[in-house]
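# Coordinate inspection notes
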Amino acid sequence: MNRRMLSKEDEEAAGDEIEVRREDQDKINRFSRLHQRELGIEEELKNKHKEKEELDDLDTELELVEDEEELVQYKIGDSFFHIPHEQAKEMLGIAAAKLEKEIEDLEDKLETIRKEMTGLKVDLYARFGKTINLET
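Since the structure is predicted, the reported quantities are computational estimates derived from the model, not experimental observations.

What follows is about the overall build of the chain. Per the secondary structure count, the chain includes 3 helices and 2 strands. Secondary structure of the chain in N-to-C order comes out as α-α-β-β-α. The 136 residues of the chain split such that 21% are buried. Across the chain, contacts joining residues at least 24 apart in sequence account for 66% of those joining residues at least 6 apart. Of the accessible surface of the chain, which amounts to about 10400 Å², a share of 48% is contributed by carbon and sulfur atoms.

Each aromatic ring pair is characterised by the separation of its centres together with the angle its planes make. Here the structure, examined in full by the defined rule, presents 0 aromatic pairs. Its end group placed over the ring of F128, R127 keeps NZ or CZ at 5.5 Å from the ring centre.

What follows concerns the packing of helix α2 (residues 22-63) against helix α3 (residues 85-128). Closest axis-to-axis distance for the α2/α3 pair is 8 Å, and the angle between their directions is 160°. Viewed along their axes, α2 and α3 adopt a mutual orientation that is roughly antiparallel. Between α2 and α3 lies a crossing of left-handed hand. A class-by-class count of the residues in the contact of α2 with α3 yields 21 nonpolar, 3 polar and 22 charged.

The next thing to look at is α2. For α2, which comprises 42 residues, the first-to-last C-alpha distance of 61 Å matches the rise-based estimate of 62 Å (1.5 Å per residue) to within 8%. Summarising the contacts, the buried residues of α2 are in contact with β1 (71-76) and α3.

A word on the environment of A96. As for its position among the elements, A96 is in helix α3. Between the C-alpha atoms of A96 and D56, which are 40 residues apart in sequence, the distance is 8.0 Å. Non-local contacts of A96, meaning those with residues more than four positions away in its chain, are made with K52 and L55.

Before going further, it helps to spend a moment on the pairing of strand β2 (residues 79-84). Pairing analysis gives 6 bridges linking β1 to β2, with the strands arranged antiparallel. By the bridge assignment, V72 is partnered in β2 with I83.

Turning to the pattern of salt bridges, a few remarks are in order. Two side chains of opposite charge can pair, provided their charged atoms sit close to one another. Scanning the entire structure with this criterion turns up 17 salt bridges. As a salt-bridge pair, K27 and D123 come within 3.5 Å of each other at their nearest N and O atoms. Of the two residues, K27 sits in helix α2 while D123 sits in helix α3, which places them 96 residues apart along the sequence. Taking the relative accessible area as the measure of exposure, K27 reaches 26% and is therefore partly exposed. With a shortest N-O distance of 3.4 Å, K115 and E111 are connected by a salt bridge. One end of the pair is K115 and the other is E111, both in helix α3 and 4 residues apart, which spans about a single turn.

It is worth spelling out α3 at this point. Structurally, the α-helix is built with 3.6 residues per turn, so residues lying three or four positions apart point the same way. In this model α3 runs 63 Å from its N-terminal to its C-terminal C-alpha over 44 residues, within 8% of the 64 Å that 1.5 Å per residue would give. Positive phi shows up at G129, right after α3, with a value of about 60°.

Here we come to a negative patch on the surface. On the surface, E66, D67, E68, E69, E70, E86 and E90 cluster together into a negatively charged patch. The residue E68 is located in the loop between α2 and β1 in this model.

Rules and cut-offs
- Residues numbered from 1 in each chain as written.
- Predicted model: local features only at pLDDT ≥ 70, side-chain atom pairs only at ≥ 80, totals over all residues.
- Heavy atoms only, no water.
- Helix = DSSP H or I, 4+ residues; strand = E, 2+ residues; numbered from the N terminus.
- Buried < 20%, exposed > 50% of the residue type's maximum accessible area, 1.4 Å probe, protein only.
- Contact = heavy atoms within 4.5 Å.
- Areas by Shrake-Rupley, 256 points an atom, 1.4 Å probe, with all protein chains shown as cover.
- Phe/Tyr/Trp six-rings, centres within 6.5 Å; stacked < 30°, edge-to-face > 60°.
- Lys NZ or Arg CZ within 6 Å of the ring centre and 35° of its normal.
- Axes fitted to C-alpha atoms, helices over the stretch in contact; angles between N-to-C directions.
- Parallel < 35°, antiparallel > 145°, perpendicular 65-115°, else oblique.
- Left-handed = near helix turned anticlockwise from the far one by under 90°.
- Nonpolar A, V, L, I, M, F, W, Y, C, P; charged D, E, K, R; others polar.
- Expected span 1.5 Å × (residues − 1).
- Pairing = 2+ DSSP bridges.
- Salt bridge = Lys/Arg side-chain N within 4 Å of Asp/Glu carboxyl O.
- Patch = residues over 30% accessible without salt bridge, like charges linked within 9 Å, V, L, I, M, F, W, Y side chains within 5 Å.
- Lys, Arg positive; Asp, Glu negative; His and termini not counted.
- Charge placed at Lys NZ, Arg CZ, Asp CG, Glu CD.

Okay, here's the thing in structure tokens:
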């Protein structure tokens, strides 16, 4: 972890310590909670993108099947079922569309969180200047 410390000049420029009001502490706490939520959503997005890539690879594999009358194994939950090729493609398409929607929703949440964090950064840096570190 990279920790930034104030230089001697910055400490002297800061002068007396700035009083931390209740509303300032609330903003700092809100920023911290948003940052933790941001990290969780980023991790979830990474997993969803990986899952989407795997579905795309599976779709490509299904395209290469020569005998479309042949049954293919399709995993539902913890079990594999033999289903017709066309049904597998249809189910795969539905799963991919659902996953794409989930990714869009997560990206929207992430954007909203980042906007709020930016607003909090502006407020807190305006109040505390260099004496606070909100870089994530």
